[in-house]
Amino acid sequence: MPALKKLNHIFAGVKFIGNFMNRPIELGQIVQWSDGQHLIMGNLADFVPGFTWTGKIEKSTSAFFKLTQESTVDVALGGQANAPVGKAEVELKFGAKNSAFVALNDVESTAIKLGLVQDDLNALWHERRWDRANNRNKFFLVSEVMTAASGTVVYSAERKNTVVLKAENDAPVTSLKALGSGRFEYVSNTKSTLEIISPMAITPLYRAVSLRSNGLFDLVGA
């Protein structure tokens, strides 16, 4: 399994990797890990003459997506009764290290049918010598991407961290779906965080696979 820094695989429970650096993630990219970040080598279609993605991809329907990972993240919505913050604010309390909160609107997941590209991948890995023992944990294929129309992602590396966000235009916050709008600004935090807060389209999460010596797949971060 490729060695990922903790902030990259904080979504290990669902086997997603966080794209906090807003890199141009694309389905079918071949990526090399270097110092906990990825270097884009190109798309599988760039390497294999005559290759086409037609019939090799599946796409989900659009939906709201919420995730609290690795520990309970307490969420207080200011627009609800007895909230500890103002009506237009949201308070997130991270009780443990390496915790994340995610709320994404209009999420679509696009994934590769891996069995249909397995032969091409194994041939390419062999040609490029990426199948050697010292390279297997460095190169992988982006096998699934999650895109959202907007969203809020907050990650805390430290425990007992309290974050307060405020909605634009002082709109009362009554649901988690409001957080998915990404129309929020930071108010305060007790310790450092890493975040994606965007009212525009984002690609915050993705999955990737590496190749074993027997030609089968390993899910990165598993």
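One can find the structure itself at the top, above this paragraph.
To start, this report covers the structure provided alongside it.

Cut-offs used in this document
- Residues numbered from 1 in each chain as written.
- Predicted model: local features only at pLDDT ≥ 70, side-chain atom pairs only at ≥ 80, totals over all residues.
- Heavy atoms only, no water.
- Phe/Tyr/Trp six-rings, centres within 6.5 Å; stacked < 30°, edge-to-face > 60°.
- Lys NZ or Arg CZ within 6 Å of the ring centre and 35° of its normal.
- Pairing = 2+ DSSP bridges.
- Helix = DSSP H or I, 4+ residues; strand = E, 2+ residues; numbered from the N terminus.
- Axes fitted to C-alpha atoms, helices over the stretch in contact; angles between N-to-C directions.

To continue, consider the packing of aromatic side chains. Summed over the entire model, instances satisfying the criterion amount to 6 aromatic pairs. Here Phe-51 and Trp-53 contribute two aromatic rings whose centre-to-centre distance is 4.9 Å and whose plane-to-plane angle is 85°, an arrangement assigned as edge-to-face. Three or more aromatic residues link up through ring pairs in this structure, and these residues are Phe-47, Trp-125, Trp-130 and Phe-139. The ring of Phe-16 carries Arg-207 above its face, with NZ or CZ at 4.0 Å from the centroid.

Another point: the sheet that holds strand 7 (residues 89-94). The sheet built from 4 strands is open, its strands ordered 6-7-11-12 with antiparallel pairing. Of all strands in the sheet, those with a lone pairing partner are strand 6 (73-77) and strand 12 (184-189), marking the two edges. Adjacent strand axes in the sheet meet at a mean angle of 20°, parallel and antiparallel pairs treated alike. Pairing between strand 6 and strand 7: 5 bridges, direction antiparallel. Residue pairing across strands places Leu-77 opposite Val-90, the latter belonging to strand 7.

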